[in-house]
Amino acid sequence: MAEAIGERDLAGARDVPSVVDARIRYRLGSLVPLPAGPWSAQVPAIADPERHAYAAQIAALMDARKDRLGEHAAEHGLPWAVAALGPVPEHPLDRLDWQKKAASINTWRELSGYDHPTDPIGPEPATAAPDVRAAWYEALAALGPADVTDVRGMPDGRLLHLRDTYPVETAWAPRYVGDELRQVRAAAWNAHLTGLRASAEAKAAGGRGQHDTAAQQQKLADSYQALHQAYRQRETVFATAMADRADWEAATRVQRHLAVAADAELRRRHPEQRFTPLRSAEPQPATPAQRDELTLTAGQPTPEMGQWVKDLAAGHRVFAQTLAERPSLMVPSEDPDYGDLGQAFPPWPGPARGAILQPPKPEIRPSAEVLQRTADRDADREAAD
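Residues numbered from 1 in each chain as written. Predicted model: local features only at pLDDT ≥ 70, side-chain atom pairs only at ≥ 80, totals over all residues. Heavy atoms only, no water.

## With respect to the overall build of the protein
Where we set the bar: The secondary structure listing takes helices from DSSP runs of H or I that are at least 4 residues long and strands from runs of E that are at least 2 residues long, numbered from the N terminus. Only protein chains enter the area calculation, which uses a 1.4 Å probe; residues under 20% of their type maximum are buried, those over 50% are exposed, and those in between are partly exposed. The contact rule is simple, with two residues in contact once any of their heavy atoms fall within 4.5 Å. For every accessible area listed, the method is Shrake-Rupley and the probe measures 1.4 Å; residues are considered covered only by the protein chains on display.
Broken down by element type, the protein carries 12 helices and 2 strands. Listed by position from the N terminus, the elements making up the protein come as α-α-α-α-α-α-α-α-α-α-α-β-β-α. Residues counted as buried form 28% of the 385 residues belonging to the protein. Looking at the protein alone, contacts between residues at least 24 apart form 64% of all its contacts between residues at least 6 apart. Accessible area of the protein: about 25200 Å², with a carbon and sulfur share of 56%.

## Quick notes on the pattern of salt bridges
Rules: A pair is scored as a salt bridge if a Lys or Arg side-chain nitrogen falls within 4 Å of a carboxyl oxygen belonging to Asp or Glu.
In the structure shown here, the tally under the stated rule is 16 salt bridges. Between D263 and R267 there is a salt bridge, and its shortest N-O distance comes to 2.9 Å. With a gap of 4 residues between them, D263 and R267 both fall in helix α9 (residues 211-269), about one helical turn apart. Of the residues examined, D263 reaches a relative accessible area of 10% and is grouped as buried. In this structure, the salt-bridge partner of R269 is E265, at a minimum N-O distance of 2.8 Å. Residue R269 and its partner E265 are located together in helix α9, separated by 4 residues, close to a single helical turn. You can call R269 partly exposed: its relative accessible area is 22%. When salt bridges that share partners are traced, they join D119, D156, E265, R268 and R269 into one network.

## Digging into the packing of helix α8 (residues 178-207) against α9
Here is the rule we go by: To get an axis, fit a line to the C-alpha atoms, keeping to the stretch in contact for a helix; angles then go from 0 to 180 degrees between the N-to-C directions. Any angle that falls under 35 degrees is termed roughly parallel, while one over 145 is termed roughly antiparallel, one within 65 to 115 roughly perpendicular, and all others oblique. Handedness of a helix crossing follows the sense of rotation of the near helix relative to the far helix, less than a right angle counterclockwise being left-handed and clockwise being right-handed. Residues are grouped as follows: nonpolar covers Ala, Val, Leu, Ile, Met, Phe, Trp, Tyr, Cys and Pro; charged covers Asp, Glu, Lys and Arg; every other residue, Gly included, is treated as polar.
Remark: α8 packs on α9, axes separated minimally by 7 Å, with the N-to-C direction vectors making an angle of 160°. Regarding the angle of α8 to α9, the classification is roughly antiparallel. Crossing hand, α8 versus α9: left-handed. In the contact of α8 with α9, the residues fall into 17 nonpolar, 11 polar and 6 charged.

## Notes on the environment of A74
The topology assignment puts A74 in helix α3 (residues 49-76). With sequence-adjacent residues up to four places away left out, A74 is seen in contact with V88, R95, W98 and Q99.

## What to know about the confidence of the model for the protein
Note the following rule: The predictor's confidence in any single residue is recorded as pLDDT, a number from 0 to 100.
Summing up the model confidence of the protein, the mean pLDDT is 82 and the portion of residues at 70 or higher is 83%. Mean pLDDT per element in the protein: strand β2 (residues 340-343) is the minimum at 57, and α8 is the maximum at 93. Contacts from residues 348-358, a stretch scored under 50 in pLDDT, to residues over four places away or in other chains number 8 contacts.

## Some details on the packing of α3 against helix α5 (residues 92-112)
Running from N to C, α3 and α5 point in directions that differ by 115°, and their axes come no closer than 7 Å. In terms of orientation, α3 and α5 fall into the roughly perpendicular class. By crossing handedness, the relation of α3 to α5 is classed as right-handed. In this structure, α3 contributes R65, K66, L69, G70, E71, A73, A74 and E75 to the contact, and α5 contributes R95, W98, Q99, A102, A103, S104, N106, T107 and E110. Residue composition of the contact of α3 with α5, grouped by class: 6 nonpolar, 5 polar and 6 charged.

Structure (structure tokens):
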């Protein structure tokens, strides 16, 4: 704290405690209490031998109580313990490890009076009770690493802020055009095949001396070739938009999941309060009239791309710029002279997991019937050739 106060002059700061708090958190990050250890190791030094022996006896009884709490959870398969640690293992060593974790969790529940039937530990307690807070973190460590950032220990203000980021993160999402991309790809393929057939018909008619028919078929082939190119142009625009959307989903996945988790935690803490549902601010999908513009007809002048398709193509440049600027956005400090507090959207670390060794895939040999059908098909092709 002395280093944080003496780092820079506090003159002009609107909220001195907030500035000092921000400096400490920037230096140290989140402070997690160390495990307290067994109660027997926490017996204070007492001069009176009888009182010291009595305190040591009480601490031993508390350690025994902790062990019995784990045994009770394993024996009765308590719902909160099974939900947190999984079913009770059958192997004695695995069962003992399960009991130790359940003992840490159940100790916290008994110390704090937390009695939710399925939620094992609930939100982080206030810092005013360091012993209870240390027990909560010991229980949290017993739960193991979580797949996402734990929001149960966050204050309501932090949860409200995370919740409010959901419409902000979804507002710059590219429009979803997966259905339109599928439509123009299928149409481009059909136009390409039809053009090949018309070109083959024109060549065959020319070989038979039917020049009028050959000219008509060639004109039809050229028309379908132009149609194919028009569909390919639209396909490029839609494919770029879907690639941008995949980049957006990867860049905002953690923040969106945190917003949903914060919303759920707020509703759990305050069941009597009515929160507005989270609503996405993504662009609306294409209308039926806009999809009808994608249907082109051969033999007619190819229309230009609709305005909404042009806007979609122009939005790619804006999205690329926004995505490139995202890592450089910083959180400002309460102290205007201090600088910033770090990235606004940091890459949250994922759970630490070891490699899973995969056995080699077994070789699946085809049956005799499949081999015979393959041989017959090859023989038919040779006869046709």
